[in-house]
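The residues making up each chain are set out below.
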Amino acid sequence: MNVGIAQGERNPNSSWLNSRGVWLTYIILLFVLHFILLSIPYITTPVAWTLTTTIHNICSFYLFHLVKGAPWETSDQGRARRFTFWEQIDNGVQWTGTRKFLQILPIILFFIASFYTKYDRTHFVINLATMLLAVVPKFPIFFGVRLFDINRY
Amino acid sequence: MLASSSSKLSHATLVHRYPPSKLHSEEEMSDTVFSSDENEMNYKRENVTHKDDENLQCEEFEETPLYAAILTYLSYAILCLFGWLRDFLRNSNIEKKRGAVDPNAALGFVPLYQSYESFYTRNMYTRVRDIFNRPIASVPGAQFELTERISDDYNWTYRYTGKTINAINLGSYNYLGFAEKSGPCATDAINALKTYGVSSCNTRIELGTQRYHVELEQLLANFLHVESSIAFGMGFATNALNIPAVASKGDLILSDEMNHISLILGMRLSGASYQTFAHNDMKDLEAKLRAAIVHGHPRTQRPWKKIIIVVEGVYSMEGSICRLPELIALKKKYKAYLYMDEAHSVGAMGKNGRGIMDYFGIDANDVDILMGTFTKSFGSAGGYIAGKKSLIDHIRVNSHANTYASSMSAPVVQQIISSLQLLKRPEGQKRICQLADNTRYFRQKLVDMGFIVYGNKNSPVVPMLIYMPARVTRFNREMLRRGIAVVTVGFPATKLLDARVRFCISAAHTRQMLDTALMAIDEIGTDISLRYSTRHQSRRLREL
């Protein structure tokens, strides 16, 4: 399927997050998730915000840091096979616009969730834990690091 | 005088068409700035050739509307969700696995493939696989026969009913209409087969060079107004194996972003360093040229042995044309070499069909290495390199395609020779004019209807953007239902957002065929809302 590719981009996974409108779609999807949670009657607003941040952070950890390779056959001869999606973005260049956006978003969500939960202790602990789960693996120092050989191959 | 007055006319229509509030490309900016008549006269007097170039280079790449982008991402997100669901069902044996399964994985061997690698193929491509790779049952001319195939299990397997569908062919590269099974070229090719046999089965340097190869190369050199040329059996291999013959370690290759994979393979094989510059962006290219000359190699700072700029004449996915006058100016200023791949433009562009140089009116000796293929415009197969005799002699000795590949077979060569000779006669000129006429008519109608069409208004490759995967599929199937076969391309052949349908106009298309196609596109475009353009008012075909 990839001989018909006219362009030479080796791994489209590296650049599609820079396309027009992706960041906006990301934020829209987040709001859609939040509204779905808000519309369930037994969930109060603080719980809804905590649930939104938790679900977002856990899903983003899974998608960005656990899943490796790309969902199509790349023309880079398997170079991206061992890299997670986060490491493939922009071919490994750090501190690009997309990376900064994705790093800031969990932090902003944490602020919003802390505000709406009125700084309650339980909510704070949960939000902080998931925020760290989402933000810490994105540090450049953890590029290519697999702790305790988990997820190495 | 004639040229400037015709360019004045087309300039006037340009002003008419693009409202000044929605400008994006530089060409349009300069055209509407000088919109009043006095200014137009002044501009015309100052630099007429520049304005001619402006009109030849009139390209449009309208930006993706935001709502279309968001809906496209949402479509892919929903497809992903369903993909995960189906994968889960398949892995937990609730649903049968229909794809190929590695038999050794169950026996405890390390799996050969990662199942995530085929996620896209399983869950998105296979679901709509019937719109791609359709087998055909006749020569791919302007109208052809498609074999009808029906799938009972959602495109995992097909069964052939035995019937064929007659359809208008808007997908094959057949720019001058030479893909026909009867006619002077076909008769000549059959006679050549009877005279010379199928193939000499030998390489060009041993016993493979026959008189028809020499004749073809001479004819081609005369046609292109160059000193010498050499032909190969495969167009892809021409690029991939000849760039290593002219470039090597220590050289720098600057290639356009949208170059074909054969050029990129050639660049990688050659061992030279390569950088890409933004598509058709001459400022970016100049900046990179200057940086390369000033800084040299990245680590050692030694000067580059030579710098080669690789561009294509007409880009097949975008429909844009390279900016040849500016490239020649840059090349001469910085003493770089230019390699131009005219796969889609030789035969199709220019007054005499000689390609982009004919289109811009530039001397063929300005481009150092001219490459082209015979597949698209000459109804044959193979590729060629043309240029100075010293270059071609070097390639004859040093190119892998010449020394290790078997020579072109006789009927293939005869088809090219016959079509080249036909192009010199009035009948050939008629074909070239018909192609240009068809191209401009089709493009103008599409743009007037409000669809987003990329590329230069004179390029016979017409990409129309559809963006969403479901709309791409629906468009393709609806067109086939109306008897028109089109080629739709999506991710990963194009960028994630820019799924499109690519029409290839041919000289063999009659006005009625194009009108049928336009009516069908108009209907389907209204049904599934494909009129994304904000620059052009969307109108129905009956209002035009």
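Here we summarise the structure given alongside this text. (Residues numbered from 1 in each chain as written. Chains lettered and ligands numbered in written order. Predicted model: local features only at pLDDT ≥ 70, side-chain atom pairs only at ≥ 80, totals over all residues. Heavy atoms only, no water.)

In this section: the side chain of R500 of chain B. Residue and element names in this part refer to chain B. Within the element layout of this structure, R500 appears in strand β15 (residues 500-504). Of note is the side chain of R500, whose polar atom sits 3.3 Å from the side chain of E318. In contact with R500, other than residues within four places in its own chain, are M317, E318, Y454, P463, M464, L465, I466, V487, T488, V489 and T494. (Helix = DSSP H or I, 4+ residues; strand = E, 2+ residues; numbered from the N terminus. Polar contact = N/O pair within 3.5 Å; in protein donor to acceptor, adjacent residues only side chain to side chain. Contact = heavy atoms within 4.5 Å.)

Residue and element names in this part refer to chain A. Counted by the stated rule, this structure contains 27 aromatic pairs over all chains. A centroid spacing of 5.2 Å and a plane angle of 15 degrees characterise the contact between W49 and Y116, whose relative ring orientation is stacked. In this pair, W49 sits in helix α2 (residues 45-66) while Y116 sits in helix α4 (residues 97-116), placing the two residues 67 residues apart along the sequence. Members of the aromatic cluster, joined through ring pairs, are W16, F64, F85 and W86. (Phe/Tyr/Trp six-rings, centres within 6.5 Å; stacked < 30°, edge-to-face > 60°.)

Moving on, we get to the pattern of salt bridges. Residue and element names in this part refer to chain B. Counting across every chain of the model gives 30 salt bridges over all chains. Note that R90 and D87 form a salt bridge whose closest N and O atoms lie 3.1 Å from each other. With R90 and D87 both in helix α5 (residues 66-91) and three residues apart, the pair spans about one turn of that helix. The same class applies to R90 as to D87, namely buried. Across the salt bridge formed by R396 and E217, the nearest N and O atoms sit 3.0 Å from each other. Linking R396 in helix α15 (residues 389-398) with E217 in helix α9 (residues 211-224), this pair joins segments that are 179 residues apart in sequence. Taking relative accessible area as the criterion, R396 reaches 25% and is therefore assigned partly exposed. Several salt bridges share partner residues, and in doing so they unite R474, E478, R481, R482 and E523 into one network. (Salt bridge = Lys/Arg side-chain N within 4 Å of Asp/Glu carboxyl O. Buried < 20%, exposed > 50% of the residue type's maximum accessible area, 1.4 Å probe, protein only.)

So, on to the sheet that holds strand β12 (residues 461-465) of chain B. Residue and element names in this part refer to chain B. Taken in spatial order, the three strands line up as β12-β15-β14 in an open sheet, and their pairing is antiparallel. What marks the edges here is a single partner per strand, and that holds for β12 and β14 (487-489). On average, adjacent strands in this sheet sit at an angle of 30 degrees to one another, irrespective of strand direction. Looking at chain direction, β14 and β15 are connected through three bridges and run antiparallel. If you follow T488 over to β15, its bridge partner there is V501. Set on the sheet, helix α18 (residues 426-449) makes contact with β12 and β15; between it and β12 the angle comes to about 15 degrees. (Pairing = 2+ DSSP bridges. Axes fitted to C-alpha atoms, helices over the stretch in contact; angles between N-to-C directions.)

Residues and elements named next belong to chain B. Along helix α13 (residues 324-334), the residues classified as buried are L324, L327, I328, L330, K331 and Y334. When α13 is viewed along its axis, its buried side chains cluster within an angular range of 165 degrees and face the same direction. As for α13, its buried residues are in contact with α12 (282-295), β7 (307-312), β8 (337-341) and α14 (356-360). Once α13 finishes, K335 follows within two positions and takes phi at roughly 55 degrees, a positive value. (Arc of directions from axis to C-beta.)

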